[in-house]
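# Observations on chain architecture
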There are 4 protein chains.
Amino acid sequence: MIIALKPGVSKEDINQLIADLEILGVKVDSSQGSSQVVLGLVGDTTVINDDALRANRWVDRVIRVQEPYKRANRMFHPLDTVLEFKSDQKAAKIGGDFFAVIAGPCSVESRQQLVAVAESVKKSGAAFLRGGAFKPRTSPYSFQGMGCEGIDLLVEAKKETGLPIVTELMEISQLELFEDVDMIQVGARNMQNFNLLKELGKSKKPVLLKRGMASTMTELLMAAEYVMAGGNSQIVLCERGIRGFDNFTRNILDLAIIPALKKKTHLPVIVDPSHATGLSWMVPSMSKAAIAAGADGIIVEVHNDPEHALCDGEQSLMPEQFNDLMNVIRKYADIEGKVL
Amino acid sequence: MIIALKPGVSKEDINQLIADLEILGVKVDSSQGSSQVVLGLVGDTTVINDDALRANRWVDRVIRVQEPYKRANRMFHPLDTVLEFKSDQKAAKIGGDFFAVIAGPCSVESRQQLVAVAESVKKSGAAFLRGGAFKPRTSPYSFQGMGCEGIDLLVEAKKETGLPIVTELMEISQLELFEDVDMIQVGARNMQNFNLLKELGKSKKPVLLKRGMASTMTELLMAAEYVMAGGNSQIVLCERGIRGFDNFTRNILDLAIIPALKKKTHLPVIVDPSHATGLSWMVPSMSKAAIAAGADGIIVEVHNDPEHALCDGEQSLMPEQFNDLMNVIRKYADIEGKVL
Amino acid sequence: MIIALKPGVSKEDINQLIADLEILGVKVDSSQGSSQVVLGLVGDTTVINDDALRANRWVDRVIRVQEPYKRANRMFHPLDTVLEFKSDQKAAKIGGDFFAVIAGPCSVESRQQLVAVAESVKKSGAAFLRGGAFKPRTSPYSFQGMGCEGIDLLVEAKKETGLPIVTELMEISQLELFEDVDMIQVGARNMQNFNLLKELGKSKKPVLLKRGMASTMTELLMAAEYVMAGGNSQIVLCERGIRGFDNFTRNILDLAIIPALKKKTHLPVIVDPSHATGLSWMVPSMSKAAIAAGADGIIVEVHNDPEHALCDGEQSLMPEQFNDLMNVIRKYADIEGKVL
Amino acid sequence: MIIALKPGVSKEDINQLIADLEILGVKVDSSQGSSQVVLGLVGDTTVINDDALRANRWVDRVIRVQEPYKRANRMFHPLDTVLEFKSDQKAAKIGGDFFAVIAGPCSVESRQQLVAVAESVKKSGAAFLRGGAFKPRTSPYSFQGMGCEGIDLLVEAKKETGLPIVTELMEISQLELFEDVDMIQVGARNMQNFNLLKELGKSKKPVLLKRGMASTMTELLMAAEYVMAGGNSQIVLCERGIRGFDNFTRNILDLAIIPALKKKTHLPVIVDPSHATGLSWMVPSMSKAAIAAGADGIIVEVHNDPEHALCDGEQSLMPEQFNDLMNVIRKYADIEGKVL
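What comes next concerns the included structure. (Residues numbered from 1 in each chain as written. Chains lettered and ligands numbered in written order. Predicted model: local features only at pLDDT ≥ 70, side-chain atom pairs only at ≥ 80, totals over all residues. Heavy atoms only, no water.)

## Quick look at the overall build of chain A
- Looking only at helices and strands, chain A features ten helices and 14 strands.
- With the C-alpha coordinates of chain A rotated into their principal frame, the extents come out at 75 × 45 × 40 Å.
- Taken across its 340 residues, chain A has 66% of its residues classed as buried.
- Accessible surface computed for chain A: about 11,700 Å², of which carbon and sulfur atoms make up 50%. (Helix = DSSP H or I, 4+ residues; strand = E, 2+ residues; numbered from the N terminus. Buried < 20%, exposed > 50% of the residue type's maximum accessible area, 1.4 Å probe, protein only. Areas by Shrake-Rupley, 256 points an atom, 1.4 Å probe, with all protein chains shown as cover.)

Structure (C-alpha cells):
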C-alpha cells in the first residue's frame, strides 16, 4: 500500500500518521520526494481502513498494491483448487484439467419433467444436474418455485441418474433442507448478502458463487473471501453476465473475466451462457467461447418443453440442441486439454 | 399487453394461444394487419409470464403497456403516501409536503459519539437519526458494525433526543432486535433479497428501501411491490447512486429518477448524497440538487471526527458543515413549498 | 507520478529506467522499501507515455498523481474563465457569477418558427439562442438539418432579437459558414474528434464542448485541452447525460460532475437537461437541480409546436412552460448568488 | 411499427393521425381493443420520425417491429457479404467461410519496425497488415502518429510482403492519401462521425467500421447504413470492447454481439482483442473465444519491441506469441469450418 501525502505536511503529522499505522502491525517506509512525501506500507495491509485514511487531512492518495483478499489469492495458493463430487460419472470434478458441464431446467416443475431432462442431459454428457426450487423472481406475482418439494424432486432425480445436484439457496433458514444437495448456488442478487456468505463459510458444502450484476472482479473475490474466511474453500465462481446499456442480450457476458480470474485466484471459474444472454440460440456460441476463453465449465438451461416452462423458457435449449452442443464442446475440450 | 405474432401463423395456432391466455383471466383482441397478427390483452396482465410467451414459437414480440406493479402504482393510488413518526420534532413525517432530513454517523461507534452527533444534527434541524449497527462491508476483514450493542445505543440516543431512528437490517433473524427502531433500512445490496422483502411485508415497521447499484426504476418498484404484497405499504424509496464507468465519484447519482418515480408511484422518494458521491465536499451541492429535483428528503452522514471514523470517513460532513447545509436547505424548501 | 517496480529488479535495470525517464525532462526519486522499489517522478509528467511504462517488464504499477491536463487545470489558473458576448442583453456572459440560459428549437425549421421561438425565449429571459442547422442523426433517412440555410436563418434571428447564437459544427469544412455564429457547439459524438478539436484551437470562436456519451471527466478535460493547446481557451463544458442501463430517461444526467469539474477546472460548466432526459416534463426539475448543483447555465430546447417538430419534439418545452421555468430559475439564482 | 394510442382519443383525431401517416407512404391498420386503439403500420417505416410521433398528444407508445436499417439488413440480403482483396496470400477475403487475421503494430514507427513486423506476421499466417499512421490519442501531448510518412511506410511494407494494408482515417481531407490503402479503418470515436461516413459512402474502398465505446448494436448497424446509403457496401464491422464499470480490462469485450450481428446483418464481423482488453496476455484467450463465438476474423496488435512502443505497448503481442496463437487458431478454424 502506497500513501502519497499532501504538500506542506509537517514532520510531526507524518510521524503521528506512521505511528497510527504501525500500531495496526504494518511497517511504514517514508520517502521524501522533492514535491511530496510518499509512505510505503509493508505487511498485512488487509487490516487497513482505506476510507479512514482517505479522510485524513494530510493524505492525498491511497493506492493498494496488494489485493485485499488472501485466501482466494493465487499468489498465496498457486495450485488450482479442484472440487470432487460423489458420482457415477467419470468427471464429477470442477477445476484443474476438468471441464464441468452442469445442465437442467431453470425451475423444477414436476417429477416427470425433471427426471426426463436429467436422463437426457446425462446421456449427452453433463456431469451435474441443475434445477431451481427456490426462485428469485423480479415480480412477487411470478411463480416462486416449488420450494421444499422441488428439493425433494432434485434428490429423487439424483438417485435415479447418479448426477450430483446444484440448486439455489435464497435464505439461511433454508440451509437444513440442502443436506442432500451437492453444491449450493448463491445467486447474483445475493453475491453481497454477507450474512448468507458467512453462514456458508461454516458449512462444508461446495458453493457456486455467481457474480453480481454490477460487481467488479475484486468484489466477486471478496465475496468468495467471506465464505473462505469462515473455513469453507470449496467455491466455484460463475460469470453470468453484467448489466449493460444495450438490450439485444439480457446481460453482457464478460468473458475476459475468465483469464483475469484464473490469474488472480486458484478457484475454478465457470460460465452461465443461458442467463447471460437470455436467448437459447446464443447459448451454443457463448458456451464454445467460454471454453475457448479458459473456463472450467458451463451451467446451461435445458428444458424438454420451453414453450410451457414456468420460468425463462426463452433461454432454454431443447435436449437435442444440448446434445449437439456437447458434441462440439468435446472437440474444443480436446484442443484445450480439458477432461469432460 | 400487446403480442405481435410471426408471419405465417395458422388460424388454429392463434386460437390456441388466445385460449391459453384467456384461461389466465385476461381478454384477448386479435387484429389482422396486412403483414402480421397483433393480439391486445386486456385485464390484469401481471399474471402473464412474459418469458414463456417469448419462448412460444409464434410470438415475435411482447410489449407491456401496463406497468407490472399495482400497489406501488400511482395510477391506482393517486394520493401521496405520507409516513408519520412519533417524535418531539414538528416534522417527523415523510412524503407529501414534508422534506425529511435524516442524519447521523455511518456506523454507531460509541455512546459518546452517537449522542454528540444526534444532539448536534437535531439542533441543526434534522428530524431523524441514522446510524449503522449491522454494516455490509465489502471485506470480511473490515469492521462489521457493533451489532446488537449498536442498536441499544441508537435506542438510547432516541430517548435522549426524541429523534426517531433509522438503521439497516441485514438478515431476517435480526428483526426481533428492531422493535424500538422506527424505520428499517434495506441496503442497496439487499434490494432484491426477496425473502427479506417478503418478511418485511409481514411487519408493520416503515421500510427505507435503497435502490440497488444496477437496478432499474421498475426493479426498485417491484422490490417495493414485494413488501406491499405482504401488507406493508409504509415504504420510502431511496436513490443512492448507481454504478458507472467513471470514478470521480463512488457512484452516479441519478437524480432524474426522482421526477420519474414521483410520476409512477405514490411512495416518498429520498436521496442519499453521501453514499452516492463518497465525498463529503460534494454532499451540499447534491443535497440542494435533490430538493430542487423534487425529493421528499435526504439521508446524510454526519460524524464529529471523520478522520477516525471506522467506516466511510471520507464522505461524512462535520456537524458545522451540516448546520451550514441545513441553512441553505431551508431556503430551497421555501421555494419548493416543502415543510422542513 | 509514482511507479512501483516488481520485486527482484536489479540495480542496473532500475538505473536504466531512471535514465530513460530523466531524458524526458523529469526528475526521479528512487525509494527502496522492504518489499519493492518505488520511483517518484517530479516535473512535467504530461510527456510520459503511461502505456509504454506499463509494458516495461519491471514495472508493477503506474499511478498518476498529477492530472494529465495543464491549460484546463484550475491548479494553474485559479480564477474562473468568463466568456463575454456582444449582445443587447445584460447578461451575455458565461462563467463566474453569471447563470447563462441558452434556449431555442432542436432544429431550425423555418424563418417563422425560429424568429417566433427566439422572441419568446428572449422575453422569458434567455440570453442566447440555440438551434441546429447541421444535425447528427442516428439514421441516414432522418431529417439532417437545413444546413447553410439554417445558419442564415439563425443569423437573421440574431439580427432581429440581438441574442448571440449557438449552433453545432459537424465538420471542419463547415467552419467558414460559422463566421457570424457566436459560439460553436461540438456535439457529444464529436467530443473526441481530435482533428476537429485541433482546428477549433486555431479559431478564436468560443466553443461549447459537450461531454461524450461514455466519456470520463478526465477525457472531457483532455478534449478541452486539445482546443486550448491550439491557443483557444474560450471553452464552455456541457454535461448532457451519459449512457446507462435503464431507459426511463434517454441518458443519465450526471449532475455530480458539476462540482467535480468546478474543482478541477476554471472553465464554465453548463447542463443540457433536454438531451439528457429526452422528456420535456423532466426539464424543469433537472434545470433547477443543475443550478442547485452549481452549474453556470443551462441549454434548453423550446419549440412552439413540439408535435410537428422535425426532431426531438418529445423533449421540447412549449414557450409558456419555458417562461414558468425561468420564473423559478430566477429564485434559485438569487439563493446561489448568480446573475441571470 | 405499432402505435398504441391513449384512452379517450376521438375518432377525428385517429383519422387525422392515420391521414398524416399515410401521406408518408405507409399503410395503417386501426384496431379497436376494449381499452385502447392500436395502429399497425405496414410498408417502409424507415421514413417515420419516432420522436415526432412520441410527442403527439394522443400517442401512448411507439414500437418498431422492423429494424430501422435496410441495406445492412440480412432479411433483405440473406447471403453473406464477402470482401476480396488483391494479395499473394491465398485467403485475403473477409466474410463467408473465411477467417481473416489482420496483424501489425499499433503505430507505424519506422521502416525497419514495420517491415520486420509485417514479414513476421505474414510468416505466422496473417493475411493483412495493420498499422496506425494517424492516431486518435486522448492527450494532445501524446505521439499523434507519423501521418503521411506512416502511410508511405505502410505502402512500402505492402510492396515487400504482398499483404493488403489496413489503417485508420481520422478526417475526410486525408482521404486522398489513402489511394493505396486496401481497407480504411473508422475508429470507435468516429463511428458516429456522420459526415465522415457519408464521404466514405461515395468511396469504393472497403471500410473497417469499429463499434463506438457506448454504441448499441442498432447504432453500429445504422452507422454502416450511412456508408451503404452512399453506395458503398464493402463494410466489415468490428467489436472492440465497450465501456464498463470495472477496470481489470480497458473495455468489456462483448462477444455476444457476434452471433447477434450475424443474425441481423450480412456484413462480416471481426474482433479486436488488443484494444478490448488492453493486456497482451489476454489476447490469445480472447482471440480463441472470438472464433468460437462465430467471428469472421481478428485484428491483433503485434510489436517486435513492446517496451519501446510509442503507443499501446502493454497490449501488443511479441511475434513469437502471435505465432503460437496462430497455431491454435488454425485448430479452432478447422472445427468451425473456416478457411484461414
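## Notes on the pattern of salt bridges
- Throughout the structure, instances matching the rule amount to 62 salt bridges over all chains.
- With a shortest N-O distance of 2.4 Å, Arg111(B) and Glu160(B) are connected by a salt bridge. Here Glu160(B) lies in helix α4 (residues 148-161) and Arg111(B) lies in helix α3 (residues 111-124), a separation of 49 residues in the sequence.
- For Arg111(B), a relative accessible area of 37% translates into the label partly exposed.
- Taking relative accessible area as the criterion, Glu160(B) reaches 41% and is therefore assigned partly exposed.
- A salt bridge links Asp246(B) to Arg211(C); the shortest N-O distance between them is 4.0 Å. Linking Asp246(B) in the loop between β12 (235-239) and α7 (257-264) with Arg211(C) in the loop between β11 (207-210) and α6 (217-229), this pair reaches from one chain into another. (Salt bridge = Lys/Arg side-chain N within 4 Å of Asp/Glu carboxyl O.)

## A closer look at the relation of the copies chain A and chain B
- When chain A is fitted to chain B, the best match, at an RMSD of 0.0 Å, comes from turning it 180° and sliding it 0.0 Å along the axis. Expressed as a symmetry operation, the mapping of one chain copy onto the other fits a two-fold axis. If distances are taken from each C-alpha of chain A to the rotation axis, the shortest is found for Ala214(A), at 2.9 Å.
- The fraction of interface residues of chain A whose copies in chain B are also interface residues reaches 100%, indicating that both copies meet through the same surface. (Least-squares fit on C-alpha atoms with pLDDT ≥ 70 in both. Contact = heavy atoms within 4.5 Å.)

## Focus on the relation of the copies chain B and chain D
- Superposing chain B onto chain D requires a rotation of 180° together with a translation of 0.1 Å along the rotation axis, leaving an RMSD of 0.1 Å.
- Comparing contact sets, 100% of the residues at the interface of chain B also lie at the interface in chain D, consistent with an isologous, same-surface contact.

## Some points on the interface of chain A and chain B
- Counting residues at the interface gives 48 residues for chain A, matched by 48 residues for chain B.
- When the buried surface of chain A facing chain B is broken down by residue, Asp51(A), Tyr141(A) and Glu307(A) rank first, second and third, together holding 17% of it.
- Viewed at the interface, chain B and chain A are joined by two salt bridges.
- Taking the shortest distance from any N to any O, the salt bridge between Arg243(B) and Glu219(A) comes out at 2.7 Å.
- Our count for the chain A to chain B interface comes out at 20 residue pairs in polar contact (both at pLDDT 80 or more).
- Elements with a minimum of two residues in the side of chain A that touches chain B: α2 (50-55), α5 (194-202) and α6 (217-229) of chain A.
- Top element by residues in the side of chain A that touches chain B is α6(A). It accounts for five residues.
- The residue makeup of the side of chain A that touches chain B, split by class, is 18 nonpolar, 14 polar and 16 charged. (Buried area = accessible area lost by both parts, 1.4 Å probe. Polar contact = N/O pair within 3.5 Å; in protein donor to acceptor, adjacent residues only side chain to side chain. Nonpolar A, V, L, I, M, F, W, Y, C, P; charged D, E, K, R; others polar.)

## Quick word on the interface of chain B and chain D
- Residue-level contacts link 20 residues of chain B with 20 residues of chain D.
- For the pair chain B and chain D, the summed buried area comes to about 1,500 Å², and 60% of that belongs to carbon and sulfur atoms.
- In terms of surface lost to chain D, no three residues of chain B exceed Arg61(B), Val65(B) and Phe245(B), which account for 29% of the buried area on that side.
- Viewed at the interface, chain D and chain B are joined by one salt bridge.
- Glu67(D) is the salt-bridge partner of Arg61(B), the closest N and O atoms lying 4.0 Å from each other.
- Applying the counting rule to chain B against chain D returns zero residue pairs in polar contact (both at pLDDT 80 or more).
- Broken down by secondary-structure element, the contributors of at least two residues to the side of chain B that touches chain D are β1 (2-5), β2 (27-32), β3 (37-42) and β4 (59-63) of chain B.
- Along the lines of polarity and charge, the residues of the side of chain B that touches chain D split into seven nonpolar, seven polar and six charged.

## Re the nonpolar core
- Residues Leu209(A), Leu209(B), Leu209(C) and Leu209(D) are the most contacted members of the largest nonpolar core, which totals 316 residues.
- Setting aside its immediate chain neighbours within four residues, Leu209(A) contacts Val186(A), Met191(A), Leu197(A), Leu220(A), Ala223(A), Ala224(A), Ile235(A), Val236(A), Leu237(A) and Cys238(A). (Core = buried A, V, L, I, M, F, W, Y, C linked by side-chain atoms within 4.5 Å.)

## As for helix α1 (residues 11-22) of chain C
Residue and element names in this part refer to chain C.
- The end-to-end C-alpha distance of α1 is 16 Å, a good match for the 16 Å that twelve residues give at a rise of 1.5 Å each.
- Of the positions making up α1, those classed as buried are Ile 14, Leu 17, Ile 18 and Leu 21. Each buried residue of α1 sits inside an arc of 100° when the element is viewed along its axis, so together they form one side. (Expected span 1.5 Å × (residues − 1). Arc of directions from axis to C-beta.)

## Some details on the packing of aromatic side chains
- Scanning the entire structure with this criterion turns up 14 aromatic pairs over all chains.
- Here the guanidinium or amino end of Lys263(B) rests over the ring plane of Trp281(C), the centre of that ring lying 3.7 Å away. (Phe/Tyr/Trp six-rings, centres within 6.5 Å; stacked < 30°, edge-to-face > 60°. Lys NZ or Arg CZ within 6 Å of the ring centre and 35° of its normal.)

## What to know about the packing of α3(B) against α4(B)
Residue and element names in this part refer to chain B.
- Taken N-terminus to C-terminus, the directions of α3 and α4 make an angle of 40°; their axes are 10 Å apart at the nearest point. For the element pair α3 / α4, the angle class is oblique. Our pair here, α3 against α4, has a crossing hand that is right-handed. Mapping the contact onto sequence places Arg 111, Leu 114, Val 115, Ala 118, Glu 119 and Lys 122 in α3 and Leu 153, Leu 154, Glu 156, Ala 157, Glu 160 and Thr 161 in α4.
- Tallied by class, the residues present in the contact of α3 with α4 amount to six nonpolar, one polar and five charged. (Axes fitted to C-alpha atoms, helices over the stretch in contact; angles between N-to-C directions. Parallel < 35°, antiparallel > 145°, perpendicular 65-115°, else oblique. Left-handed = near helix turned anticlockwise from the far one by under 90°.)

## Section: α4(B)
Residues and elements named next belong to chain B.
- Relative to the 20 Å expected for 14 residues at 1.5 Å per residue, α4 spans 20 Å between its end C-alpha atoms, a close match to the ideal helical length.
- Among all positions in α4, only Gly 150, Ile 151, Leu 153, Leu 154, Val 155, Ala 157 and Thr 161 are buried.
- On the buried face of α4, the contacting elements are α3, β8 (128-130) and β9 (165-168).
- One or two steps after α4, the chain reaches Gly 162, where phi turns positive at roughly 80°.

## Let's talk about the side chain of Ser287(A)
- Here Ser287(A) is to be found in helix α9 (residues 283-292).
- Sequence-distant contacts of Ser287(A), that is, excluding residues within four places in its chain, are made with Pro273(A), Ile298(A), Val300(A), Leu325(A) and Ile329(A).

## Let's talk about the sheet that holds strand β3 (residues 37-42) of chain A
All names here are of chain A.
- Taking strand neighbours across the sheet as the criterion, the four strands line up as β2-β3-β1-β4 in an open arrangement whose pairing is antiparallel. Because the sheet does not close on itself, it has two edges, and the strands there are β2 (27-32) and β4 (59-63). On average, adjacent strands in this sheet sit at an angle of 20° to one another, irrespective of strand direction.
- The pairing of strand β1 (residues 2-5) with β4 spans four bridges and is antiparallel. Bridging across to β4, Leu 5 finds its partner in Val 59. (Pairing = 2+ DSSP bridges.)

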